[in-house]
Amino acid sequence: MTALLQVKGLGKRFGGFVALDGIDLDVAEGQRLGLIGPNGSGKSTLVNCLCGTLANETGSVTFEGRKLDGLQAHTRTRLGLARSFQLPRPFVSMTVAANLKVPLLYAVPTREHHSLTAAETDDRCAELLSLVGLVDCAHKYPRDLTQVDMRKLELARAMAAEPKLLIADEAMAGLSHSEVGDIVALLIRLNERGTTVILIEHIMRAVMNFSQRLVVLVSGKKIADGRPDDVIRDPEVERAYLGQ
Amino acid sequence: MRTPVFLAVALATALLVFALTRAIGNDYLFFAGYIVIQFIVLSTAWNILGGYCGYVNFGTAAFFALGAYTSVFFHKTYPLPIPVLLAVAAGVSGLVGLGTGYLTLRLRGAFFSIATLAMAVVLQTFVVNWNYVGGSRGAYVIRPNELDVFGYPIDYIQYLFLIMILLAAVALTIARAIEHSKLGYGFATIRDDELAAEASGVPTLKLKLIATTLSGALMGMAGAPFPYYIGYVEPASTFGLPYAVNSIAMPLIGGTTVWFGPLIGSILLGTLTQIATVTISSAVNLLLVGALLVGFVIVAPSGLVGLIQQFLRVASPARPDARSIGLIALAAFGFVVGVLEVVFSLAALTAPDSTELATATAGLVLAALWIVSAYGLMTVQGWSPIIATLAFALSIPIAALHIWLDRTQFNIALWGACIVIAIVAIAFLRRRRVQQLYAPRLGEQEALA
């Protein structure tokens, strides 16, 4: 079986600084992948290259057997590769419900080859709101949301595009213990419904609870890849995090 | 309301306004009204890109002039009826809009605005050096006095007015249709956050190109009948700063997020500048617009519509009730009276007579009272009912004085109405439910205690 996402020799530089250096990564369909690495190791750059926000200089990204290189971000989202942002970027002039309608209007129809009716859009919107637990906030504006609800909105908007692969970029930074549990449970629920999920996170408890497989990036290089328990005992990983 | 229904209503309203203007039977009204309506089209067009997408275009004058010079060109080569010219101008300006969009939309914020300004300069230089359309000398376009419509002669200026007001109805329908559509959602995401928009599957570049094309085409259409209206066009005035400034100021003062924001803004500012042109001078227009723009940016950055929406959120969150509608009406009345009073007082200030000077100064003080009370009422300030009552109370003897000085029928009707409004307003402001709204909140009282 071919992998859902295949990354081959992906490289990206900013001037003289090498942010990503020959990353190889295959993600199978239905997998829950954790991606960790110290600050500045290139995690977010990798996400940006996968999603088309940045263009990679070398290597290639293949999604469902289709090369993504050169495609714009919105096309990739339409193909089924959605992401949430590290710092939530809600559409501030729209209500929570309207925020979720944007992907329903723009990303979903291109895959289903017909526009959703108004009723269908509302239904899916309500379904998403109850899935993430934002039903009471449907008509609130993002500025009135708490931090955790803002994170949920960010995830819900990515989920609204009905992706095959969801990349959650530090969805839990700054949240409390129980809130982290909520989000992990939400992501696992989503995965059980058939969505492949890549989770980028610093909170090790969340990563260990969530991941079936763990990848470690350090200075733009992949230094470990495997079962989470094995990976965190890897001496090279320990060295990267704790020093020698 | 569905779009076709709205279009029908808009067109009917346009025809009604045209019929009413004809009934008044003053030719000057057509001349002045044409300019006001032209600005409705321009500001609505500007708002499609500037208000909905958040891209501030300083090049309105260039698109407008493009439409005007399209007419001049065809007037010289092959005269066409104005509705056809409108379509051609839409095509030309739309194409230029698409082209500039493609070249400049990688720029954001101030850089995009500077690029549009540069585009205006380039186009002006091009026209100045194009002898066929008059170059810097300008070109005369002699319009016929009358137009024969199915054997029924109609004054040409009335014909131009009719075309412009129908165009305004169409422009407003387009703006409203966008707002309620998928396109409107897309535009709003571009205004809020382009990166997040892309991540949600919104093809931002394509949508921005649609916006620049549409906006440019409408601006060009507003410019197409202009040479026939004015009779003589030259680059310096057709590419003039007032078009750019006004089409930015009107939506900002009215409100940029809804279709009726630019409508309100352009009727208000357009009428005001027309009055100032008659009573003071045309040079003072831009000063007036500038002062209002600065004032609004400071005290009501989301425009009149935003101010009222904010008020409604406080006064009646569920749905507008009689109290809040009454208060909005009072504030609107006070604001309009105050602004008019400023214009008339400024006009009086230019007179050398010392009594006039005194009245003018008193007028300015009163105007300040009106405007401050309108602002206070809308921002739910505790002091505002008192100030508003004072303004209305003062207006009663003033109105009586006007009637006493000049007892024509029109004057008695006008100022009599003012007295009635003032009495009703004062009674309304004294109602308990109104007093309650402006009383300090219970929580605040406890906090003070």
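One numbering rule holds for all chains: residues counted from 1, following each sequence as written. Following the order in which they are written, the chains are lettered starting with A and the ligands numbered starting with 1. The model is predicted, so local features are restricted to residues of pLDDT at least 70 and side-chain atom pairs to those at 80 or more, both for listing and for counting; the totals for chains, interfaces and linings are taken over all residues.

## With respect to the overall build of chain B
Then step 1. Numbering goes from the N terminus for both helices and strands, where a helix is a DSSP run of H or I of at least four residues and a strand is a run of E of at least two. For chain B, the helix and strand inventory stands at 21 helices and 4 strands.
Then step 2. Taken over C-alpha atoms, the radius of gyration comes to 24 Å for chain B, in line with the 22 Å a tight globule of 449 residues would show.
Then step 3. The principal-axis extent of the C-alpha atoms belonging to chain B is close to 70 × 60 × 45 Å.
Then step 4. Residues with at least 20 other C-beta atoms within 10 Å of their own are called buried, those with 12 or fewer are called exposed, and the rest are partly exposed. The C-beta atoms themselves are positioned from the backbone. For chain B, the residues scored as buried account for 43% of the 449 residues in total.
Then step 5. We call two residues in contact when their backbone-placed C-beta atoms lie within 7 Å. In chain B, of all internal contacts separated by at least 6 residues, the share reaching a separation of at least 24 is 72%. C-alpha atoms define the radius of gyration in this analysis, and the globule rule sets the expected value at 2.2 Å times the number of residues to the power 0.38.

## Overview of the overall build of chain A
Then step 1. Scanning chain A from terminus to terminus reveals 10 helices and 10 strands.
Then step 2. Relative to the compact-globule value of 18 Å for 244 residues, chain A shows a C-alpha radius of gyration of 18 Å, a close match.
Then step 3. For chain A, the spread of C-alpha atoms along the three principal axes comes to 55 × 40 × 35 Å.
Then step 4. The buried share of chain A, reckoned over its 244 residues, is 45%.
Then step 5. Here the analysis covers contacts within chain A between residues at least 6 apart in sequence; of these, 65% occur between residues at least 24 apart.

## Examining the domain arrangement of chain B
Then step 1. Boundary definitions for the domains trace back to an automatic or database domain assignment. The domain architecture assigned to chain B consists of domain 1 (3-253) and domain 2 (303-448).
Then step 2. Taking only C-alpha atoms into account, the centre of domain 1 of chain B sits 35 Å from that of domain 2 of chain B.

## Things to note about the packing of helix α12 (residues 241-254) of chain B against helix α15 (residues 303-315) of chain B
Residues and elements named next belong to chain B.
Then step 1. Every axis corresponds to a line fitted to the C-alpha atoms, with the helix fit spanning only the stretch in contact, and the corresponding angles, defined between N-to-C directions, vary from 0 to 180 degrees. Between α12 and α15, whose axes approach to 3 Å, the crossing angle comes to 5°. Relative to α15, the element α12 lies roughly parallel. Contacts from Leu252, Ile253 and Gly254 of α12 reach α15 at Gly303, Leu304 and Val305.
Then step 2. Residues are sorted three ways: Asp, Glu, Lys and Arg are charged, Ala, Val, Leu, Ile, Met, Phe, Trp, Tyr, Cys and Pro are nonpolar, and all the rest, Gly among them, are polar. Tallied by class, the residues present in the contact of α12 with α15 amount to 4 nonpolar, 2 polar and no charged. The cut-offs work like this: below 35 degrees is roughly parallel, past 145 is roughly antiparallel, 65 to 115 is roughly perpendicular, and the gaps in between are oblique.

## What about the pairing of strand β3 (residues 152-155) of chain B?
Residues and elements named next belong to chain B.
Then step 1. Between any two strands, pairing holds if DSSP finds at least two bridges. As paired elements, strand β2 (residues 146-149) and β3 share 4 bridges and run antiparallel to each other. What sits directly across from Glu146, in β3, is Asp155.
Then step 2. Two successive antiparallel strands, β2 and β3, enclose a turn made up of 2 residues, where Phe150 displays a positive phi of approximately 50°.

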